[in-house]
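Residue-level listing of the chains:
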Amino acid sequence: MDPRFWDQIPIRELGKVFSSYNNVQFVDTGYPRKHDDRPFTSRTPARLRDIFSPSGQSQPLCKRCRDVDFHRLFGNRQSFVFAWSMVSIYKQSQACIFCQLLLDLLKIWQQGVHPKRDGYCVIIAYPSLAVQPQRAPDGAESEEVLMNRVWVRWQAAKLKKREPLYKLSRGDRDLDTIKHIGCADVAIQKLASQESNGGQEILHGRLVKNTIEPQLLRSWIDLCQSIHADQCCIPSLPSERFGMRVIDVTRRCIVEAQPSQRYVALSYVWGQTQQLLLTEETKPRLEDQDNALRDDDATIPQTIRDAVLACELLGERYLWIDALCIQQDNKASKDRQLEKMGLIYRCASFTIVAASGDSADAGLPGLRNSSRAFTQYSADLQGVKVCSTLPLFGNSVVDSKWHSRGWTCQEKHLSRRLLIFSASQVFFRCKIGFFSEDTIMEGRDSIVSMSRFEYSGRSDSDFQLSEHLPPIHRYGKLLIDYTSRQLGFENDALVALSGVLGTLSHAYTFFWGLPHQNLLETLHWHSPSGDMTQRRMAFPSWSWAGWAYPVQTAFFPGSEGEIRYPPIVPITEFYRVGRKGQALPVDTDQILKSVKFLEMPSGFYHARLFYELGPGRESREELDEPYCTHIHMDWPMDPPRLTRDELETMGALRSRLLRFYTWTFKIPVGREPDGVNGSMHNLWIGLLGARVWLDKEWRRDQPEKLDFMAIAQTTIPDWGRTAVHFYLILVEWRDGIMYRVQIADKPVEREELFDKFEPEWKVINWA
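Read on for a plain summary of the structure. (Residues numbered from 1 in each chain as written. Predicted model: local features only at pLDDT ≥ 70, side-chain atom pairs only at ≥ 80, totals over all residues. Heavy atoms only, no water.)

**What to know about the overall build of the chain**
Looking only at helices and strands, the chain has 21 helices and 34 strands in total. Long-range contacts, defined here as pairs at least 24 residues apart, represent 71% of the contacts in the chain between residues at least 6 apart. When the accessible area of the chain is evaluated, it comes to approximately 34,000 Å², of which 48% is carbon and sulfur surface. (Helix = DSSP H or I, 4+ residues; strand = E, 2+ residues; numbered from the N terminus. Contact = heavy atoms within 4.5 Å. Areas by Shrake-Rupley, 256 points an atom, 1.4 Å probe, with all protein chains shown as cover.)

Pasting the structure below:
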């Protein structure tokens, strides 16, 4: 189990977790469990005695390492943690294989650490878990496989004997972004025997060659196609092929795609490379002309030449690449192809990913000699043959330039299978399985299911989103991924995500990137940033597309579950503006569909929840679904038609408007921050118990009182008293148009707003 998982578990639950986790023994820092009845050896330090062998081994190991029982260290039933000083490792490294191995790994991953004097090498051994599906005719359960990986990392402070493991790395001076001891970048694992075919040595290491082994990569694809036929099935392209082209790898030219034709897609970063494009000028020499795309043609970027070669080695004939399969100077054709990008990647048999480098000239490492960058170490320790892992999936792929670009987001999520070329090795991911060159995770006729923590170096469960997630959850996770990326052209903010949004079309229709059917909920997106300089002016401010900063989405509290408590209720109805200025209703929100409306002559939506709260009881028991009382038109709800003059003044803004009635307030906002994050200040809103993150430069130029509007309301039962609270959004007005700034971090009691902060029910033009 990955130590990074432990921080998510309350300390009282740790014992339960490890007592039930396949009998894995959890050992605190350096101390054996009480069940260990072996005699105490006075010559062996207490924190190490649980892994030391009473008899030494022969050279080339130092005296300390000869006492280590490497068979137990690389076993499969016990976890160990210990630390050696860097000074001692350095002194012994000339005569000891294990010390030299540790030193070599730390030199790569902890550059800048002086081995003669700095800190400690922390060694953490714990079992990785894999589940090997078995095809037994009697329906026997799957076989679980455990194998220790030995993780290596550096830290400044010496380990404390009784300090809980999950606290060990706090205070490390050079690992500020790493919060837990398990966050190591490299591990040592048992090496598979040379004659192994992979069937019996799951989780053993594999020495990676300088160039790829096509038969290994091909076996990954074939295993997925044969075993994951249902989960990773490839949909068929429609018979109307929208002018799709592909590269014929055999003829080395561009051809028209045929119905039901199998093809591979390429996902890569263009960068600043000047590359060969399909245009009206180049089309005559590229289409149906044999050897038009020769491997020695320097005008073709290295990544594209390598992708063609990879397809040839893997036995695939057709390849789709955007630069050469979309005519770049024909707007009508290009727009039509871009609309189908989602379909193109979904229907590809697999997608080749160029995750190394930052341009189209980076190539696919491993296709040609001397194209891989990292060294893999190996050693024989007391008869235990081991090798180091290569850079993990998280370091190689999630931190790559490819994973930071906006366009590659939908290419990643839409592809059924990904063959990912990193700088040091190739990874394969599908909707179910994962393979890598440096570790055996494929059986003879089955695919191993392995914890994503184990193979990535971090949790990346959302790398490819499950299609079984509820639409609102999938949409929210997608925005978190996409908005953390960069776009070369900010006006591509919507089109670069249109393909994957199209996969939600069974549930949603979209308006500037927000679903009509969950408009109220998704209008309440939030971000830790409020940098006003990151505004995309071509998009409305109320949409996430209107801002070039990362978005966090839980939307409203409680939206993670199927039942929301307390219920969130709209205050108003939203309209878009037609060409003639008329208010056109938007299918507001699924929140409304879960609420019963009762006509009553009150002035508000009043959300209530049936519950009982007996004397002295601390829990609330929900007895029925939420309902609310609908307003009885005491105030206007339908905004009036815009006049001709208003339409002319708004111009292009009309198409970006949401028009509606709601409550607005003027509330003082502090200037002294309660918290600081770079240029962002966390400021109190009046004395209401809520705060807002604002750019300090923007706040400095604003008056004491700022404008807020209410977007929704909820009720919070409080010992027999039900208090209505408003969700607020900070806005600013320019020329009669309202623009979004930031949301308040929690709802505010309605009565206090009405009593103190200039309430006004007014029509809003929100752009």
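There is more to say, and it comes next.
**Points about the pattern of salt bridges**
Inspection of every chain in the model, using the stated rule, returns 26 salt bridges. A salt bridge links Arg 262 to Glu 316; the shortest N-O distance between them is 2.8 Å. Within this pair, whereas Arg 262 is found in the loop between β6 (253–256) and β7 (264–267), its partner Glu 316 is found in the loop between α8 (302–313) and β8 (318–320), the two being separated by 54 residues in sequence. A relative accessible area of 36% places Arg 262 in the partly exposed class. Salt bridges sharing partners connect three or more residues here, namely Arg 218, Asp 222, Arg 262 and Glu 316. (Salt bridge = Lys/Arg side-chain N within 4 Å of Asp/Glu carboxyl O. Buried < 20%, exposed > 50% of the residue type's maximum accessible area, 1.4 Å probe, protein only.)

**Describing the environment of Tyr 120**
By secondary structure assignment, the location of Tyr 120 is in strand β2 (residues 120–132). The class of Tyr 120 is partly exposed, set by a relative accessible area of 22%. When the C-alpha positions of Tyr 120 and Ala 83 are compared, they lie 6.1 Å apart, and in sequence the two are 37 residues distant. Other than its neighbours up to four places away in sequence, Tyr 120 contacts Ala 83, Trp 84, Ser 85, Met 86, Arg 153, Trp 154, Gln 155, Ala 156, Ala 157 and Lys 158.

**Topic: the sheet that holds β7**
Strand order in the open sheet formed by eight strands is β6-β5-β8-β7-β9-β12-β13-β14, with mixed pairing between adjacent strands. Sheet topology places β6 and β14 (434–436) at the edges, where each strand pairs with a single neighbour. The mean inter-strand angle of the sheet, taken between neighbouring strand axes irrespective of direction, is 30°. As judged from the three bridges shared by β7 and strand β9 (residues 351–354), these two strands associate in the parallel manner. Opposite Leu 266, over in β9, you have Ile 352 as the bridge partner. Sheet strands touched by helix α6 (residues 214–227): β12 (417–421), β13 (426–430) and β14. Its angle to β13, the strand with the most contacts, is close to 5°. (Pairing = 2+ DSSP bridges. Axes fitted to C-alpha atoms, helices over the stretch in contact; angles between N-to-C directions.)

**Quick word on unusual backbone geometry**
A positive phi angle is found at Leu 203, which is not glycine, with a value near 75°. Structurally, the position occupied by Leu 203 is in the loop between β4 (186–190) and α6. In this model, Glu 758 sits at a positive phi of 50°, which is unusual for a non-glycine residue. Assignment of secondary structure puts Glu 758 in the loop between α21 (750–756) and β34 (760–766).

**Looking at the environment of Arg 372**
Take Arg 372: it is sitting in the loop between β9 and β10 (378–381). Overall, the relative accessible area of 13% leaves Arg 372 in the buried class. Through-space distance from the C-alpha of Arg 372 to that of Ser 422 is 8.8 Å; in sequence the pair is 50 residues apart. Those residues in contact with Arg 372, other than ones at most four positions away along the chain, are Val 208, Lys 209, Asn 210, Thr 211, Ile 212, Pro 365, Gly 366, Ala 423, Ser 424, Gln 425, Val 426 and Glu 437. A distance of 2.7 Å separates a polar atom in the side chain of Arg 372 from the backbone oxygen of Lys 209. Within polar-contact distance, the side chain of Arg 372 engages the side chain of Glu 437 at 2.4 Å. (Polar contact = N/O pair within 3.5 Å; in protein donor to acceptor, adjacent residues only side chain to side chain.)

**So, the nonpolar core**
Of all hydrophobic cores here, the largest spans 152 residues; its most connected members are Tyr 263, Leu 319, Trp 320, Trp 544, Leu 728 and Trp 766. The leading source of residues in this core is strand β31 (residues 721–734), at seven residues. Every residue in contact with Trp 766, bar those within four places of it in the chain, is listed here: Leu 523, Ser 541, Trp 542, Arg 656, Leu 657, Leu 658, Phe 660, Met 709, Ile 729, Met 738, Tyr 739 and Arg 740. Among the nonpolar cores identified, the runner-up in size contains 32 residues, and Phe 70, Ile 89, Ala 125 and Val 384 belong to it. (Core = buried A, V, L, I, M, F, W, Y, C linked by side-chain atoms within 4.5 Å.)

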